[in-house]
Structure formats: C-alpha cells, structure tokens
Amino acid sequence: MTTPTRRDGRCLWLRQAIQPGEVDAPVLAGNLTADICIVGGGLAGLWTALDLKERDPSCDVAIVEADICGGGASGRNSGMVLSQWAKFAALRAFCGEAGAIALGHAFAASAGNIERFCKAHGIDAEFRPDGWIWGATCEKHVGSWNGILQNLEAIGLHPFKRVTGPEISALCGTDRFLAGIHDPTAATLHPGKLVRGLRRVALAKGVRIFENSRMLKLERQNPAIVRTAKGTMRSPVCILTLNAWSTSVPELRPSILVIASDDSVTEPVPELLEKMGYLRRPLMGDSQTFVTGFRTTADHRFQPGITGGIIGFGGLGTNRFEGRSIREADIRSCVSRGFPAFADLPFADSWCGPIDRTRSGLPLFGPLPGSPNIFYGFGFSGNGVATTPVTARILASLALDKKDEWSSCGLVRPPERWLPPEPIRYIGAHMLRHAIRRKDRLEQENRVPGPLVRALAAMAPGGITTSTIISPRR
Ligand SMILES: Cc1cc2nc3c(=O)[nH]c(=O)nc-3n(C[C@H](O)[C@H](O)[C@H](O)COP(=O)(O)OP(=O)(O)OC[C@H]3O[C@@H](n4cnc5c(N)ncnc54)[C@H](O)[C@@H]3O)c2cc1C
C-alpha cells in the first residue's frame, strides 16, 4: 500500500518541495538485512548514504527514518550555507592547526560542491551564491569578529572582508547594521528541495529507504539490530544520524543541549525587496549570542529566523517542536531591529525545529562506546547544511573501516559529558537561556550586563559563530 506524502502541517519549504502525487517510501516490515543501516534520513544520513554508494556502488545501504526524509531539521532550516571559519578556534582545538585549515577549506568549498551536485543530478534547490554578512546592530557588537579575524590572519587566511555600515546598506537596503564582515563563499538554498532531491538521488542509486519507521530499540551487537514497530534491520554496520533525537541514545544524551530555532517567511514581496535593494543580496546575521538571521528566497519572500527557543526536557520529549512557531512576536521584534521596513509584513508561515547544540558548536563522530560497529554523527549545532556533505566522508570512512584523513580527523571523538542529567539539565538550560536573552537585550541597548549574567552567558554552547574553546579529550 502506498501512502501519499503528507504536506499539511509541514513548513512552507516542505509543502513547496513535496510534489502532488508523491508517496512515502515503504515502512520497514519483517526481518531485513543490509550491509550498512543508517538511522535518520536528514542531510547527515542522506549525504552519508550517497558517499557510501559513490565509494562502493555494490554496498547495500538502507535508511530507516521515523518520519519522511527531510521531516526533521533538514527540511525546515533557513537554508544558509555557511563556511565554518567563524569556528576556526574550536576546529583548531580539536584538529590541530593543519587539520583545522584543511577542514575549514573543505567546509568553505561545500557551497560550490552542493551547487555542482545539484546541477549534476537535476535538483533545483534554488542555490544562490549570495555571500554572508556577519554584522552588528549595536555599538557593543561592533568588532565581535575581531578575535576570529586575527586568528585567521595570523596564519595567512583571509576568508572575510570587513564591510562598513554604508556598504552593508548599499547591499541590503537597511541602515541598521553598523559594521560587519563579508564571506563571499556563503550561499542560500531551498532546504526542502535540497533534502527531497537528495532522497530522490539516493533512491535512484539503490539506497533502500524506509519511512514512517521509528527505531524503537537498538541492539548493540554484531550484526546490530534496529527494531521498529513492524520489523527489524540487521546490519554489520549501523550509523546513527539522529540530530537532536540523539538524546534518545543514552551514551549521546550528555553531549547536546536541544534548543529550538524558529523561522518565518512573508508572502512574496518582490517590489518591496527591489525598492529596498535586497532582492538578491547577502544573507545576514547579527552578533547576538542567540543569533538572528535574515535572507530572501528565490520567490522573493523575506525570511527572518531566530535562535534560542524551546528547550526540550531530556532531549525532545514532546511534539513542542512541531507546528507553527510560538515566537512570531520575538521574530517580529528582531525584524524591527534589523530590517524595520519589513516589520509590519504578515508572516505567511512560521515554524521551529530542534537544534543539537554541542559545547563547542562542532559535531561529533565515532563509534558508540563499547560498540565498534555502531557509529554516531550529530551535534551540527545549527550548521548542518554546509557541513554534512563534508562530514559524510568521515562517517563513510568510519563505516568502511578506512584509515584515512577523514576517519582520523579531530572531529572523531568520544561523546562529551558536559550536561548533567534531568531535571538539573532542564532547569540549568532555562537559567542559561534567560541570561543569554538578557545579555543580548542589554547589549542591544548598549548597556553592560552584570557579572552573573555575563558568567552564565559565557557558558552558552556553540552556535553559528561563537564557540567555547575546549581542549580535546582523547
Ligand atoms: C529552524 C532551523 C533553522 C536552521 N537553519 C540553518 C541554516 O540556515 N544553515 C545551517 O547550516 N543549518 C541550519 N539549521 C540546522 C540544520 O538544519 C541541521 O544542522 C541539519 O539539518 C542536521 O541534519 P541531520 O540529518 O543531522 O538532522 P535531521 O534532518 O533532523 O535528521 C534526523 C532525522 O532522524 C530522524 N529520527 C529521529 N529519531 C529517529 C528514530 N528513533 N528512528 C528513525 N529516525 C529517527 C528524524 O525524523 C530526522 O528526520 C537549522 C535548523 C533549524 C531547526
């Protein structure tokens, strides 16, 4: 029996990407086997499946997905394809200087590689190489990027160009950004069309996909057994690409704080965007700890997004991450600050999704403790669009037992144990969020937060730009 793929209740990206007449992949039923079973069919799982197929077309790869491929964060993100140079210090802490430079270049090249992949496979993901401005909307934030630039310049790397307020205004039509830096390698794309396109290519290459098939139990043995309501998948190698849902795996839970990001879109407003001079110009981000991002879409919508939303108890727990965003008022006040000309536009849609924030802002890869045939890849911390095609190589090398620069890279490391168990974790995360929101608000008013707020906010896990530099533990 075929189930028509549900569009109702999904965000605009997925409603646009799911074609009428499309049907879900079959449910996993009965006792099946595969060479490699990937649990989680988002960008991380799909790129890994494609990498495995590219290396060995005969490898029998199966994806087991609880919802539909792209139904998680991958189909509802802001579609910002960002290099990871802003996290260079954290990359260097884990990978050493040479490793960090190599990975930094690989992440920066990702946008171009995604564009080429999409062209080669007929995916119209509305890729637009528009660049990224990381800017400041208040005096306190001007120069937030200086430390990062100095680190990079000291080793001869110049991925960003400084831009003045008037230059930003000429590019985006808002005078609210006082200064910033510009990364020309960044891009925007349509997340729904990308992830659904990857699904189509994976199926064409022989990846077996099972949707509406939630893993209820993982038997840590060889072969590993993934149990769902109606069946089992046995495989000598299993890869978990579960994003925020990694909290359902006890070994991984202490590594990530699950916190929502919220996005919205207006109706198409081409005349207004043209009048503003923001029809097709850089995506924008501010320098708050809970970053606000702005971009436009190929169908001329304005799309603002904010971070630092709902916190999950013990991970996700409930369905609070589904449906329309409960933070539309917060998004609107961020729009008033960054792009006041759009402040009164109604939102055609809004949504939220869970982010798997690690302490450093960098993802983790490796075998589950005590299970050398079961690998994890998670913790993209809100930066999975550009990173997952690269980190797919790490997961594929681990799964195929290749001893190469990918399997030995510094991002391969044991789960971090930086978060306490519930309910301390939930309470602590709310205190942290409160402090960060307060710090962001005071700084916007050019006021200095008190020492307690500053100390708490300094414990924020890594996001799009900032990261806590921690020593690698091996
Ligand atoms: C609102 C929002 C905006 C964002 N904006 C950006 C952006 O502009 N740029 C950027 O780079 N990143 C952004 N991100 C982050 C980005 O979307 C993620 O980093 C990326 O999608 C991670 O891919 P993934 O495959 O790890 O996760 P997901 O796409 O979430 O995939 C995990 C999958 O696992 C499935 N799953 C969970 N539990 C089970 C189970 N038990 N059994 C089987 N399957 C299971 C889920 O259904 C899901 O499909 C944003 C995220 C959100 C929510």
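Heads up: the structure comes first, above all this text.
What comes next is a walk through the structure. This one's a predicted model, so the numbers in the text were calculated from it and none came from an experiment.

1. Looking at the site of the ligand
Stage number 1. Taken together, 41 residues lie near the ligand, and Gly42, Gly72, Asn243, Gly353 and Gly384 sit nearest.
Stage number 2. Among the elements of the structure, helix 2 (43–55), strand 14 (257–266), strand 18 (347–357) and helix 9 (384–399) are those that each provide at least two residues to the shell around the ligand.
Stage number 3. At 4 residues, helix 9 tops the list of elements feeding residues into the shell around the ligand.
Stage number 4. Here the shell around the ligand is composed, by residue class, of 16 nonpolar, 20 polar and 5 charged.

2. Concerning the sheet that holds strand 15 (residues 283–285)
Stage number 1. Strands sit in the order 6-7-5-15-16-17-14-18 across an open sheet of 8 strands; the sheet is mixed. Looking at which strands have only one partner, the edges of the open sheet turn out to be strand 6 (161–164) and strand 18. Taken pair by pair, the neighbouring strands of this sheet meet at an average axis angle of 20°, ignoring direction.
Stage number 2. By the bridge criterion, 5 bridges tie strand 16 (residues 292–296) to strand 17 (residues 302–306) in an arrangement that is antiparallel.

3. Focus: helix 2
Stage number 1. Here helix 2 contains 13 residues, and its C-alpha end-to-end distance of 18 Å stays within 8% of the 18 Å for a straight helix at 1.5 Å per residue.
Stage number 2. Every buried residue belonging to helix 2 is among Leu43, Ala44, Gly45, Leu46, Trp47, Thr48, Ala49, Leu50, Asp51, Leu52 and Lys53, and all of these are buried.
Stage number 3. Where helix 2 is buried, its residues contact strand 2 (36–39), strand 3 (61–64), helix 6 (191–204), strand 13 (237–240), strand 20 (371–378) and helix 9.

4. What about the nonpolar core?
Stage number 1. Cys37, Val64 and Val81 are the most contacted members of the largest nonpolar core, which totals 139 residues.
Stage number 2. Looking at this core, the element that brings in the most residues is helix 3 (residues 88–120), giving 13 residues.
Stage number 3. When near neighbours in sequence (up to four residues on either side) are disregarded, Val81 contacts Ser110, Ala111, Ile114, Ala186, Ala187, Thr188, Leu189, Val385 and Ala386.

5. Some points on the sheet that holds strand 12 (residues 231–235)
Pairing between sheet strands relies on hydrogen bonds along the backbone, with the strands arranged either parallel or antiparallel.
Stage number 1. An order of 1-12-11-10 is seen for the 4 strands of this open sheet, with the pairing classed as mixed. Strand pairing shows two members of the sheet lacking a second neighbour, strand 1 (30–33) and strand 10 (217–219), which therefore form its edges. The average angle at which neighbouring strand axes cross in this sheet is 15°, direction not considered.
Stage number 2. One ladder, built from 4 bridges, connects strand 11 (residues 224–227) with strand 12; its direction is antiparallel. What sits directly across from Val226, in strand 12, is Met233.

Basis of the calculations
Going along each chain's sequence as written, the residues are numbered from 1 onward. Side-chain atom pairs in this predicted model are given and counted only at pLDDT of 80 or more, local residue features only at pLDDT of at least 70, and totals for whole chains, interfaces and linings cover all residues. The criterion for a residue being near a molecule or strand is a backbone-placed C-beta atom within 6 Å of that molecule or strand. In this description a helix means any DSSP run of H or I spanning at least four residues, a strand means any run of E spanning at least two, and both kinds are numbered starting from the N terminus. Under the convention adopted here, Pro, Cys and the residues Ala, Val, Leu, Ile, Met, Phe, Trp and Tyr are nonpolar, Asp, Glu, Lys and Arg are charged, and Gly plus all remaining residues are polar. Two strands qualify as a pair provided that DSSP identifies no fewer than 2 bridges between them. Lines are fitted to the C-alpha atoms to define the axes, a helix being fitted only along its stretch in contact, and any angle between axes, read from their N-to-C directions, falls within 0 to 180 degrees. Expected span of a helix, by definition, is 1.5 Å for each gap between consecutive residues, and there is one gap fewer than residues. The exposure scheme places C-beta atoms from the backbone and then counts, for each residue, the other C-beta atoms within 10 Å of its own, assigning buried at 20 or more, exposed at 12 or fewer, and partly exposed in between. With C-beta atoms placed from the backbone, a contact is any residue pair whose C-beta atoms sit within 7 Å. Residues enter a nonpolar core if they are buried, belong to Ala, Val, Leu, Ile, Met, Phe, Trp, Tyr or Cys, and are joined to the set through C-beta atoms within 7 Å.

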